[in-house]
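The primary structure of each chain is shown beneath.
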Amino acid sequence: MGTKRHMSDHVRDAIAELEPAGRIVDLFSGVGSVAESLQTTASVVTNDALSFTASLSRARFIGRKRSEAPEAVVKRLSSIYRERLLELRRLYRDQLAAENAALAGTREDLGRYMNRTKHVGNDPALNRRARRAAETSDLAHYELATLYFAAGYLSLQQAIEVDSIRAAIDGDRRLDQRDWLLASWIAAMSVLVNSPGHTAQFLKPNSDPSHVRIVRTWSRSVWKEYSAALAAVSQVGTYRWRSRNEVYVGDALELISGGYLENIGAVYADPPYTKDQYSRYYHVYETLFRYDFPDSLGEGRNRSDRFTTGFSLKTAVIASFHDLCRNVARMHVPLVLSYPSEGLLADAGATVSDIAGQYFSNVITRSIETKHSTMGASKGKSKKTATENIYVCTI
């Protein structure tokens, strides 16, 4: 949702003009649009608070050239995949039959099926089952998607496939390919997840179009999509470029204040700009990647330990910007920062230029008209016009 693909060329050009004498730190890297654009400019250090995005970055921005074709990987994984698939299909035989009947029936039939299906968040017995699965090391461990997200974000059949693929990945001996396999697994699910562009909530058949959409989406094969994703999650840049890159997972402010980043030429920051804590929009991917059987709360089946940031709190956003600018200035490197004119910082009564000007000698602003997501468009258009600013701050 927060992709900077539409901004990446502008950011790349702003950084290139600085002629950085070192690597570029992408503090809020997300899926890596800006990092990818820098492949001919400088090596990168990416950071994100979510683990699943780091896997995507490692798969694309780090490592030697892959020598194995996706078809060979699929063949190698298929044995464990099919073993777990058959086990889960037998275990959930009656539920699968109920799901197939609901998909073949009316909109009301599908709605009743989704409302009546039990999951970890609403059924104590399944919660206990999840605890047992978390503590075992054999194939019985691989039931998380089925217990947490079936008949919601995924169909039951798809959730079974998701768990079976993860069993095959974890059982694979090619550890050097693990990030590629996991990143492709996440990428495949992102295409099939039943949601309005984020995973804070899943779609329900409340209208004829939504009914058609769910039936169509739930009828697609995760295994087939995974096979395609292995080819789509390709490596970026040359091996020389990738060999100098690093990937971190954690709080951006803690990273730049830690004092252990080396060979840095500039820092790029794209902090959150609304009061929404973005981790809630990606919790399904994060839980599946971590495969840690957390608690499950509310209709969205959210985990309670989601990451939060001061950049999304009106009471803390000003202090967060001060911390960002202060610590980058202490590194004696330029800061390139993208932030919209109508972000939360403006609501708090401050501007990027005023804060950055306290730590940098020069702050140049470039403005670009763009579109921002409205988090699923439940109350209107999915995109809104916004003025995105790129601030180039130099010592």
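To be clear, the structure that these remarks concern was listed above.
Every value quoted in this text rests on a predicted model; they were computed, and no experiment measured them.

Caption draft 1: Main features of helix H4 (residues 70-91). Over its 22 residues, H4 extends 30 Å from the first C-alpha to the last, a length consistent with the 32 Å expected when each residue adds 1.5 Å. Listed as buried for H4 are Pro70, Val73, Val74, Leu77, Ser78, Tyr81, Arg84, Leu85 and Leu88.

Caption draft 2: Spatial organisation of the nonpolar core. Counting residues in hydrophobic clusters, the biggest one holds 69 residues, and the most contacted among them are Trp185, Tyr226 and Leu288. Here this core gets nine residues from one element, more than from any other, and that element is helix H10 (residues 178-192). In this structure, Tyr226 is in contact with Leu77, Ile165, Ile169, Leu181, Ser184, Trp185 and Ala188, ignoring residues within four places of it in sequence. In this structure, Leu261, Ile264, Leu324 and Ala329 belong to the second largest nonpolar core, which totals 33 residues.

Caption draft 3: Broad picture of the environment of Ala167. Following the sequence through the fold, Ala167 ends up in helix H9 (residues 156-170). Taking relative accessible area as the criterion, Ala167 reaches 2% and is therefore assigned buried. Separated by 29 residues in the primary sequence, Ala167 and Asp138 place their C-alpha atoms 9.1 Å from one another. Not counting residues up to four positions away in its chain, the partners in contact with Ala167 are Ile80, Arg84, Leu139 and Tyr142.

Caption draft 4: Seen up close, the packing of aromatic side chains. All chains considered together, the criterion is met by 15 aromatic pairs. Their ring planes at 10 degrees and their centres at 4.0 Å tell us that Tyr81 and Trp223 sit as a pair that is stacked. With Tyr81 in helix H4 and Trp223 in helix H12 (residues 222-232), this residue pair connects regions lying 142 residues apart in the sequence. Considered together, Tyr81 and Trp223 belong to a single accessibility category, that of buried residues. Between Tyr153 and Phe202, the ring centres sit 5.2 Å apart and the planes meet at 80 degrees, which makes this aromatic pair edge-to-face. Here Phe202 lies in the loop between H10 and helix H11 (208-218) and Tyr153 lies in the loop between helix H8 (144-148) and H9, a separation of 49 residues in the sequence. For the pair shown, Tyr153 and Phe202 are each scored as buried. A network of ring pairs unites the aromatic residues Tyr142, Tyr148, Phe149, Tyr153, Phe202, Tyr291 and Phe293 as a single cluster.

Caption draft 5: Expanded view of the packing of H10 against helix H15 (residues 283-290). Packing of H10 against H15 brings their axes to within 11 Å, and their N-to-C directions diverge by 145 degrees. Note that H10 runs across H15; the crossing there is right-handed. Across the interface between the two elements, Leu182, Trp185, Ile186, Met189 and Ser190 from H10 touch Tyr285, Leu288 and Phe289 from H15.

Caption draft 6: Spatial organisation of the side chain of Arg23. Among the secondary structure elements, Arg23 is positioned in strand E1 (residues 23-26). On the accessibility criterion, Arg23 (8% relative accessible area) is buried. Setting aside residues up to four positions removed in sequence, Arg23 forms contacts with Ser43, Val44, Val45, Arg244, Asn245, Glu246, Glu262, Asn263, Ile264, Gly265 and Ala266.

Cut-offs applied
- Residues numbered from 1 in each chain as written.
- Predicted model: local features only at pLDDT ≥ 70, side-chain atom pairs only at ≥ 80, totals over all residues.
- Heavy atoms only, no water.
- Helix = DSSP H or I, 4+ residues; strand = E, 2+ residues; numbered from the N terminus.
- Expected span 1.5 Å × (residues − 1).
- Buried < 20%, exposed > 50% of the residue type's maximum accessible area, 1.4 Å probe, protein only.
- Core = buried A, V, L, I, M, F, W, Y, C linked by side-chain atoms within 4.5 Å.
- Contact = heavy atoms within 4.5 Å.
- Phe/Tyr/Trp six-rings, centres within 6.5 Å; stacked < 30°, edge-to-face > 60°.
- Axes fitted to C-alpha atoms, helices over the stretch in contact; angles between N-to-C directions.
- Left-handed = near helix turned anticlockwise from the far one by under 90°.

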